[in-house]
Amino acid sequence: MKRKYINNILACCAVAWGFSACTDVWDEHYQANKPIEGQTANADNNLWELISNDGELSEFAALLRATGYDTLLTKNRTYTVWAPADGSGFIDTAFLVNAKKNELEVYKKEIIENHIAHFIHSAGGVRDKEDKKNYEKVEMINLKKYDFEGAPSKDYTFAGQSLKASNIVAKNGMLHKLDKSVDFAANIWEQLAKVSEVSMLWEFLEKDFKKEFDETQSVQGPIKDGQVTWLDSIFREDCRWFREIGWLDREDSSYTMYAMTNEAWNKMYEMTMPYFVYPEGMKTLPAKGELNAEEAADSIVKELMVRNLVFSNTINKKYFDGKSDTLRSTRGQIFDFDEARALSDASINGFVEEFTLSNGTLNIVDQINYNPFTCWHDTLRVEGESLSDADEERLGFAKVNKSIESIHRDSLLYDSISGHALGIYKAHAGLTNPEFNFYVNNVLSAWYRIKIVLLPPQIVDPSDTLFIKPNKFEARLYRGGTIIQRLGDVWTNNVEKIDTIVLAEAIHIPVCEYDLKNLSGETPGLRLNILSCMEPGTGNRNKKDFYSTKNEANWKYDNDYRIDQVIFEPIEAPEETPDVPTDEPVGE
């Protein structure tokens, strides 16, 4: 795939950049009141005067004037300026005449503030990366950090560029002249804005980016044409994705990000949308934008698509060093060896371009090998001990007595039982057969294998060896009061073990309820209904009225249910739709 990366920095003019700022307190903090070693602090000219009067710096001076830095560099604050000489190719001075404000903001951040730092940074002594004591990495006004290296016995360089002249003292700082301009070291967030192939991903992330001018912290300039001007402006920036997937705009972070091209974005979107068919007529809450079902699905799908694109280089150092087989996203999702290789191997994932940036690596890929079962089509579990009375009251009946039994830590089965506890279900007073429901939240419109885990009587009472009988029950799947499907005919469990029964090998849930309560306020309605199918006199143990010790040997089934958990396990769509028994819909 041919790369269309836009080299001109104006490609990101649509992005609102934040400016570094100085408050009135900074005036005092940064003021030039200390002598410079080997130089006099009483120079005649300020930085702007030095630059504007230097015939080799006319292009840089023109950009300073266009962006307002001509005024700032006259102030009594200490700066060091590395000014690129004319002919560096960093600016077209003719363009500045009609440049738009947002275009100038980009030049301001990526050129002007890329060559200016607070405080004095002189070219003197030994500056060597190997000598940590004397080595200096200079932080610029735009927060980028560059190497300032050299020694008296060899030339000094700044960000790899040779100094044409150095240590030119001004009343408010110091000036160095460079042979060439310093290339702007973009971070991942800034680079995303510049790569045209990932515009769909960028637009989705950037729409949550907020930038607000903070007048109280900004430095006011003179009044011009009746309007307030600002010498230095502070903008407060925020984006929820920084908190959710990584601080992609921070220079002190280190990430690897896989960014989908528009082609890859569309492929993943088309693959994911069928999992999110929300109930017809659904409307999200006002705080969620009052979206309809399709609009809600669109929003959810795109959020899921970007959740696991970013990986901390610090947390995953062993993986990137070839010493680990697992990769962990910033959202905590673990990718095993095959999944991680599918993401990070260029030969598999279709790398278009790799950018080494100021805070990590950005990989542009035209294919993203996410496994739905890893990233969003999760296994859903309902613990046997989690059923509340409210669930039964919602249905208008109470046909079961419930209790919870915890498994002692010393038990040999402690680690074999989910949550180290179980729910015990017995028939309600006056009724023979218990009936109970497990509500399953966050189901997708997708295929599942449905299981229930039943425990033997000895789990509760190891001394009860006299009566060890199986349960006998029917299972149905409902949404609200409408049956979706009857699961099998009649089931019995094996009481000699912890028995996992597959109630449905493959069943398609037609309606998605992912995050439904939060989105719309609607209570999720999918439930697994369990109904004991024994009658008095046929050998069930539930109430003492139905049995006596003399006919105990004839009992066949137990009406006390010990449930560990219900499991909805995601599966691929079967090649052939399985034949299943059905029931007539029941009333709401």
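The text that follows walks through the structure, step by step, so that each part is easy to find. Note that the structure is a prediction, hence the values are computed from the model and not measured.

Assigned secondary structure in the protein chain consists of 16 helices and 30 strands. Counted over contacts in the protein chain with a minimum sequence separation of 6, partners at least 24 positions apart contribute 73%. Of the accessible surface of the protein chain, which amounts to about 28700 Å², a share of 45% is contributed by carbon and sulfur atoms.

It is worth spelling out the side chain of serine 253 at this point. In this fold, serine 253 is placed in the loop between helix 8 (240-245) and strand 12 (255-260). On the basis of relative accessibility, which here comes to 15%, the residue serine 253 falls in the buried class. If we ignore the near neighbours within four places in the chain, the residues touching serine 253 are Trp247 and Asn359.

Once that is clear, we can look at the packing of helix 9 (residues 262-272) against helix 10 (residues 293-306). For any two helices packed against each other, one specifies the crossing angle of their axes together with the interaxial distance. Running from N to C, helix 9 and helix 10 cross one another at 125 degrees; their axes reach a closest spacing of 10 Å. Relative to helix 10, the element helix 9 is oriented oblique. Classified by chirality, the crossing of helix 10 by helix 9 is right-handed. On helix 10, the residues touching Trp265, Met268, Tyr269 and Thr272 of helix 9 are Asp298, Val301, Lys302, Met305 and Val306.

Here we take up the sheet that holds strand 1 (residues 79-84). Here we have seven strands laid out as an open sheet, ordered 2-1-7-6-5-4-3, and mixed in their pairing. Each edge of the open sheet carries a strand with a single partner, namely strand 2 (116-118) and strand 3 (136-139). Strand-to-strand twist across the sheet, computed as the mean angle between neighbouring axes with direction ignored, equals 30 degrees. With five bridges connecting them, strand 6 (residues 161-170) and strand 7 (residues 173-178) associate as antiparallel partners. Bridge pairing in strand 7 places isoleucine 168 opposite leucine 175.

Turning to the nonpolar core, a few remarks are in order. If you look at the biggest cluster of nonpolar residues, it comprises 92 residues, and the most contacted ones within it are Leu192, Leu205, Met257, Phe276, Tyr278, Leu503 and Phe568. The greatest single-element share of this core, amounting to eight residues, is contributed by helix 10. Tyrosine 278 has contacts with Ala293, Ala296, Ala297, Ile300, Val511, Cys512, Glu513, Tyr514, Leu516 and Leu519, leaving out every residue within four places of it along the chain. Ranked by size, the runner-up nonpolar core spans 24 residues in total, among them Tyr69, Leu73, Tyr107 and Ile111.

So, on to the pattern of salt bridges. Following the criterion strictly, the structure yields 24 salt bridges and no others. In this structure, aspartate 208 engages arginine 240 in a salt bridge whose closest nitrogen and oxygen atoms are separated by 3.3 Å. Here the residue aspartate 208 occupies a position in the loop between helix 7 (199-206) and strand 8 (209-213), and arginine 240 occupies one in helix 8, the gap between them amounting to 32 residues. Salt-bridge contacts for glutamate 244 lead to arginine 240; the nearest nitrogen and oxygen are separated by 3.0 Å. On the criterion of helical spacing, the pair formed by glutamate 244 and arginine 240 is a turn pair, its members being four residues apart in helix 8. According to the relative accessible area criterion, glutamate 244 is partly exposed, its value standing at 29%. One continuous salt-bridge network, built from bridges that share partners, spans Lys207, Asp208, Arg240, Glu244, Glu303 and Arg331.

Of all eight residues in strand 23 (residues 472-479), six are buried; the element is thus mostly enclosed. Bridge analysis of strand 23 against strand 25 (residues 491-492) gives two bridges, and the strand direction is antiparallel. The residue of strand 25 that forms the bridge with lysine 472 is threonine 492. As judged from the seven bridges shared by strand 23 and strand 27 (residues 526-532), these two strands associate in the antiparallel manner. Looking across to strand 27, one finds that tyrosine 478 is bridged to arginine 527. Here strand 23 pairs with strand 24 (residues 482-486) via four bridges, running antiparallel. Across the sheet, the residue bridging to arginine 476 is arginine 486, located in strand 24. The antiparallel pairing of strand 23 with strand 24 creates a hairpin that spans two residues between the two strands, and glycine 480 there sits at a positive phi of about 65 degrees.

Right, let's talk about helix 7 for a bit. Quick reminder: α-helices carry 3.6 residues per turn. Residues three or four places apart thus point the same way. For helix 7, the complete set of buried residues consists of Leu201, Trp202, Phe204 and Leu205. Here the buried residues of helix 7 occupy an arc of 165 degrees about the axis, which is enough to place them on one side.

Turning next to the packing of aromatic side chains. In this structure the tally under the stated criterion is 21 aromatic pairs. Taking the centre distance of 5.5 Å and the plane angle of 90 degrees together, the rings of tryptophan 82 and phenylalanine 148 count as edge-to-face. On the criterion of sequence distance, the pair formed by tryptophan 82 in strand 1 and phenylalanine 148 in strand 4 (residues 145-151) is long-range, its members being 66 residues apart. Counting every residue linked through ring pairs, the aromatic cluster contains Trp189, Trp202, Phe209, Phe242 and Trp247. Stacked on the ring of tyrosine 478, the Lys or Arg arginine 527 has its end atom at 4.2 Å from the ring centre.

Okay, the environment of serine 299 next. Structurally, the position occupied by serine 299 is in helix 10. Judged by its relative accessible area of 27%, serine 299 is partly exposed. For the pair serine 299 and phenylalanine 204, spaced 95 residues apart in the sequence, the C-alpha separation amounts to 9.6 Å. If we skip the residues at most four places from it in the chain, serine 299 touches Phe204 and Leu291.

Criteria and cut-off values
Each chain has its residues counted from 1, running along the sequence as written. Totals for whole chains, interfaces and linings use every residue, but because this is a predicted model, local features are given only for residues with pLDDT of at least 70 and side-chain atom pairs only at 80 or more, for both listing and counting. Hydrogens are left out, water is left out, and the side-chain values use all remaining heavy atoms of the structure. A run of H or I in DSSP counts as a helix once it spans at least four residues, and a run of E counts as a strand once it spans at least two, with each numbered from the N terminus. Residue contacts are counted whenever heavy atoms from the two residues lie within 4.5 Å of one another. Accessible surface area values rest on a Shrake-Rupley calculation with a 1.4 Å probe, where residue burial reflects the displayed protein chains alone. Here's how the labels work: a residue is buried when its accessible area is under 20% of the maximum for its type, exposed when over 50%, partly exposed in between, all with a 1.4 Å probe on protein chains only. Note on geometry: axes are C-alpha line fits, over the in-contact stretch for helices, and angles between N-to-C directions span 0 to 180 degrees. In what follows, roughly perpendicular refers to angles from 65 to 115 degrees, roughly parallel to angles under 35, roughly antiparallel to angles over 145, and oblique to any angle outside these ranges. By definition, turning the near helix anticlockwise from the far helix through less than a right angle yields a left-handed crossing, and turning it clockwise yields a right-handed one. DSSP-based pairing: two strands are paired if at least 2 bridges between them are found. Here, nonpolar core refers to any group of buried Ala, Val, Leu, Ile, Met, Phe, Trp, Tyr and Cys residues whose side-chain atoms link them within 4.5 Å. Throughout this description, the term salt bridge denotes a Lys or Arg side-chain nitrogen within 4 Å of a carboxyl oxygen of Asp or Glu. Think of it as the arc spanned by the lines of direction from the helix axis to the C-beta atoms. Stacked, edge-to-face and tilted are the three classes for Phe, Tyr and Trp ring pairs, Trp counted by its six-membered ring, which pair at centre distances within 6.5 Å; planes under 30 degrees apart are stacked, over 60 edge-to-face, the rest tilted. We count a charge as sitting over a ring when the NZ of a lysine or the CZ of an arginine lies within 6 Å of the ring centre and within 35 degrees of the ring normal.

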